[in-house]
Every structure is written in structure tokens, then in C-alpha cells.
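Okay, here's what each chain looks like letter by letter:
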Amino acid sequence: MSSRPEGCALVTGASRGIGAAIATTLAVDDGWTVGVNFRSDEAGAQRVVEGIEEAGGRAAPVAGDVAQRGSDEKVLAELEERFGPVLVLVNNAGMRADGLTVQLDDDAWDQVLATNLSAAFRLTRRAVRTMVRARFGRIVNVASVVGPKANAGQANYAASKAGLIGFTRTVAVEVARRGVTVNAVAPGLIETDLTEGLGPELLDAVPARRAGTPEDVAACVRFLISDHASYVTGTTLTVDGGLSA
Ligand SMILES: NC(=O)c1ccc[n+]([C@@H]2O[C@H](COP(=O)([O-])OP(=O)(O)OC[C@H]3O[C@@H](n4cnc5c(N)ncnc54)[C@H](OP(=O)(O)O)[C@@H]3O)[C@@H](O)[C@H]2O)c1
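Residues numbered from 1 in each chain as written. Predicted model: local features only at pLDDT ≥ 70, side-chain atom pairs only at ≥ 80, totals over all residues.

Visitor: Before we move on, could you go through the overall build of the chain and cite the residues and values that matter?
Guide: A count of helices and strands for the chain gives six helices and seven strands. Mapped from its N terminus to its C terminus, the chain presents α and β elements in the order β-α-β-α-β-α-β-α-β-α-β-α-β. What you see for the chain is a C-alpha radius of gyration of 17 Å, in line with the 18 Å of a compact globule of 245 residues. If you line up the chain on its principal axes, its C-alpha atoms span 45 × 35 × 35 Å. Across the 245 residues in the chain, those meeting the buried criterion constitute 45%. Look at the contacts in the chain between residues 6 or more apart in sequence, and 72% of them connect residues 24 or more apart. (Helix = DSSP H or I, 4+ residues; strand = E, 2+ residues; numbered from the N terminus. Rg over C-alpha atoms; globule rule 2.2 N^0.38 Å. Buried ≥ 20, exposed ≤ 12 C-beta atoms within 10 Å, placed from the backbone. Contact = placed C-beta atoms within 7 Å.)

Visitor: So what's going on with the sheet that holds strand β1 (residues 8-11)? Residues and values would help.
Guide: Spatially, seven strands are ordered β3-β2-β1-β4-β5-β6-β7 in an open sheet, and the strand pairing comes out parallel. Unpaired on one side and paired on the other, β3 (59-63) and β7 (236-239) mark the two borders of the sheet. Across the sheet, the mean angle separating the axes of adjacent strands is 20 degrees when strand polarity is ignored. As paired strands, strand β4 (residues 86-91) and strand β5 (residues 137-142) are joined by four bridges and run parallel to one another. (Pairing = 2+ DSSP bridges. Axes fitted to C-alpha atoms, helices over the stretch in contact; angles between N-to-C directions.)

Visitor: I'd like a description of the site of the ligand, backed by residues and values.
Guide: Near the ligand there are 31 residues, and of these G13, G17, G94, T192 and L194 occur at the shortest range. Of all the elements in the fold, those that place two or more residues in the shell around the ligand are α1 (17-28), β2 (33-38) and α4 (106-134). Top element by residues in the shell around the ligand is α1. It accounts for three residues. In the shell around the ligand, the residues fall into twelve nonpolar, 14 polar and five charged. (Near = placed C-beta within 6 Å. Nonpolar A, V, L, I, M, F, W, Y, C, P; charged D, E, K, R; others polar.)

Visitor: An account of unusual backbone geometry is requested, with residue identities and associated values reported.
Guide: Backbone geometry at R135 places phi at a positive 55 degrees, although glycine is not the residue there. Along the chain, R135 turns up in the loop between α4 and β5.

Visitor: Just give me the short version of the packing of helix α3 (residues 71-83) against α4, but keep the residues and values in it.
Guide: Interaxial distance between α3 and α4 falls to 9 Å at its minimum, and their mutual angle equals 45 degrees. When the axes of α3 and α4 are compared, the pair comes out oblique. The interaxial crossing formed by α3 with α4 has right-handed handedness. Contacts between α3 and α4 involve D72, E73 and L76 on the former and, on the latter, R122, L123, R126 and A127. Classifying every residue of the contact of α3 with α4 gives three nonpolar, no polar and four charged. (Parallel < 35°, antiparallel > 145°, perpendicular 65-115°, else oblique. Left-handed = near helix turned anticlockwise from the far one by under 90°.)

Visitor: Outline the nonpolar core, supporting the account with residue identities and numerical values.
Guide: Ranked by size, the top nonpolar core spans 59 residues in total, and within it I22, A23, V34, V36 and V221 carry the most contacts. For this core, the leading source of residues is α1, giving seven residues. If we skip the residues at most four places from it in the chain, V34 touches C8, A9, V11, A23, L26, A27, I52 and A59. (Core = buried A, V, L, I, M, F, W, Y, C linked by C-beta atoms within 7 Å.)

Visitor: Just give me the short version of the pairing of β7, but keep the residues and values in it.
Guide: Pairing analysis gives four bridges linking strand β6 (residues 180-187) to β7, with the strands arranged parallel. Considered in β7, the bridge of P187 is made with V239. Crossover connection from β6 via helix α6 (residues 214-225) to parallel β7: handedness left-handed. (Right-handed = clockwise from strand over helix to strand, strands pointing away.)

Visitor: Please provide a residue-by-residue account of the environment of G13, values included.
Guide: Its place among the elements puts G13 in the loop between β1 and α1. The buried category is assigned to G13, around which 28 C-beta atoms lie within 10 Å. Taking the C-alpha atoms as reference points, G13 and L194, 181 residues apart in sequence, are found 12 Å from one another. Excluding anything up to four places from it in sequence, G13 contacts G19, N37, N92, A93 and G94.

See the structure below:
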């Protein structure tokens with residue numbers, strides 16, 4: 001029997017790709033009411049919501065650029081008003097702006113850090129209060145194998161994802177005794193818009209000899225949110241077909 005109280009889930013950057021797959025499995029397979037956050041792709045978020053509803057689940061699009069200060073309050077308050085406390089937070093929204101370090105400009109650095117790392121900090125800070133009060137919460141941060149492992153041309157992205165893993169571990173120990181778990185997943189090469197145009201030679205480095213799918217990542221996130229993982233916290237689950245093994 002599930003121990004979870006009444007509440008809802010927020011998946012950031014869920015208008016497509018990995019976030020869309022996470023939102024869908026949480027809503028359709030696990031019965032969470034899910035806020036499908038998007039920045040610009042409203043039509044994409046609407047399609048995700050319709051897919052969930054057609055499969056018998058409950059979801060709503062939630063607009064908000066999570067890289068902007070103040071968006072955490074706006075997005076979470078909107079969801080709380082409609083569906084009750086946000087007890088699951090998946091910090092998935094992410095971007096890359098690649099370049100060798102000597103060529104990276106300030107904007108490429110700031111935007112990637114703001115989207116991939118600072119947004120997760122602010123949303124977590126705001127959401128964890130509610131989770132602690134409810135004595136239940138699940139936070140999953142979507143990191144990357146890049147960060148723990150070098151990838152030339154992605155110093156900003158690597159810094160953001162390595163930071164996210166350190167952040168995950170630290171928050172996890174701060175809230176562990178309150179029934180709140182905080183974990184990360186570290187995907188390898190996953191077929192989405194983010195990786196479009198990357199050379200097929202990259203696949204040669206993947207022992208599984210295929211790119212991952214958004215659903216491969218979503219299944220791991222689903223596990224970390226489930227009751228099966230209630231004693232799992234502060235960890236990073238790598239989902240990369242053996243790439244970093
Ligand atoms: N694909 C991979 O191989 C791979 C590997 C490792 C880690 N990851 C991580 O997995 C996560 C999802 O990646 P993906 O491949 O699914 O990317 P994607 O297909 O490019 O989708 C990115 C999503 O993030 C949203 N987003 C971007 N900036 C946002 C912001 N400031 N506020 C709100 N939403 C924002 C986008 O929304 P809009 O379209 O509305 O702008 C979109 O829904 C990212 O954190 C990425 O770093 C991906």
C-alpha cells in the first residue's frame with residue numbers, strides 16, 4: 001500500500017524530450033496529478049497534457065521560465081492552488097550552449113548555470129518546506145554523465161551538472177529525517193532535440209550500442225519517486241547504456 005499523502009507533482013521543462021516522458025509516466029502509471037512546465041513551447045506542453053488525459057491521467061500545463069528569479073514562487077503557487085501541495089519535484093529543465101572554454105562568453109555561462117543549476121536550487125528551496133511539513137517528498141534532479149566525466153566544449157554544462165549532483169547530495173542529508181528524498185539521475189546520450197545533430201560516432205562509445213530514449217530515463221525517475229525507493233536518498237542513478245562504466 002502506498003504511504004503517499006494527497007498532493008501533486010511538478011516536472012520542469014516537460015513540453016518535450018525527457019521531461020515529457022517523466023510527466024507522462026508519473027501521471028499515467030503512478031496516478032500523480034502533474035504540472036507540465038514549459039518556457040516557450042506551449043503547444044508542446046498542451047500535447048503532453050492531452051496525451052496524459054487520453055490515457056486516463058490528470059495534468060495541466062504550467063508556464064514559467066525557471067531560469068528567472070521569482071518563477072519558483074509563481075509556478076509552485078499556481079500548482080498548489082489548483083491541485084494541493086507539490087510533493088514531487090523533478091528539476092529537468094535544461095539547456096546547453098557549447099563552446100571551448102576560451103570561446104565561451106558570459107551569456108553562455110550565465111544562461112546555462114541559471115537554467116540547469118540555479119533554477120533547481122530555487123524550486124527546491126521553495127518546495128522542500130511543503131514536503132517537510134507533509135513528512136513526505138520526492139525531489140529528482142536531472143543531471144548528466146557530463147560533469148562527473150569531462151566532455152570538451154561543455155565546461156558550462158559540466159559545471160552546472162556537477163554542481164547539481166553536489167547540491168542533490170547536500171539537500172538529501174539536510175532533509176532525510178523528514179521523509180523527503182533527494183536524488184539525481186545522470187543520463188548519457190539520449191535521443192531528444194538537445195542531442196539532435198550530434199555525430200553518430202558518439203554512439204560507438206556506448207557499450208549498449210544505442211542511444212537511450214526519454215522513456216529509459218523516465219523509468220529511473222519513476223523508481224526514485226516510488227515507494228520502492230523510500231530508503232534511497234543522496235544518490236545519482238546513471239542511465240547511459242554503460243557509457244561511463
Ligand atoms: N538528451 C540528452 O542526451 C541528455 C543527456 C544528459 C542530460 N540531459 C538533461 O535532461 C534534461 C532534459 O533534456 P532533453 O534532452 O529532454 O532536452 P530538450 O529536448 O531540449 O527539452 C528541454 C526542455 O526544457 C525546457 N526548458 C529549457 N529551458 C527552460 C527554462 N528556462 N524554463 C522552463 N523550461 C525550460 C524546454 O521548454 P521549452 O521548449 O518550452 O523552451 C524543453 O521542454 C536537461 O536537463 C538535460 O541537460 C539530457
